[in-house]
Amino acid sequence: MSRNEMKDWIVMSLAFGTILLLFIITLGDFWIAMQEHREPSKDVINLLSMAITGIVGIIAGFISGKNAADQAKQAAETGKAP
């Protein structure tokens, strides 16, 4: 497995692992809220909001970094400065 493929797998694992963890936390809180006849916790809603922002940041940073690396590689191959 090449270094680039390893980076791809790490970023994908981070994003999907975080999404899975948030899904479990959210379902757990909603289940408890239904059992106790109360509203879902505001803290869990806040956690979801911040975590989704973080996941979008991870993915956007990965895509922009990959794009910049591809452009630099292409420029090096053609002999042009970026």
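In case you missed it, the structure is sitting above this.
Computed from a predicted model, the values in this text were never measured in an experiment.

Honestly, the overall build of the protein in this entry has me stumped. Any pointers?
Along its length, the protein carries two helices and zero strands. The C-alpha radius of gyration computed for the protein amounts to 19 Å, which surpasses the reference 12 Å derived for 82 residues by more than 25%, pointing to a less compact arrangement than a globule. Overall size of the protein, expressed as C-alpha extent along the three principal axes, is 65 × 25 × 10 Å. Out of the 82 residues in the protein, the part that is buried amounts to 13%. Taken as a whole, the protein presents about 6600 Å² of accessible surface, with 68% of it coming from carbon and sulfur. The centroid of the 7 positive side-chain charges in the protein is displaced by 11 Å from the centroid of its 8 negative side-chain charges.

Conventions adopted
- Residues numbered from 1 in each chain as written.
- Predicted model: local features only at pLDDT ≥ 70, side-chain atom pairs only at ≥ 80, totals over all residues.
- Heavy atoms only, no water.
- Helix = DSSP H or I, 4+ residues; strand = E, 2+ residues; numbered from the N terminus.
- Rg over C-alpha atoms; globule rule 2.2 N^0.38 Å.
- Buried < 20%, exposed > 50% of the residue type's maximum accessible area, 1.4 Å probe, protein only.
- Areas by Shrake-Rupley, 256 points an atom, 1.4 Å probe, with all protein chains shown as cover.
- Lys, Arg positive; Asp, Glu negative; His and termini not counted.
- Charge placed at Lys NZ, Arg CZ, Asp CG, Glu CD.

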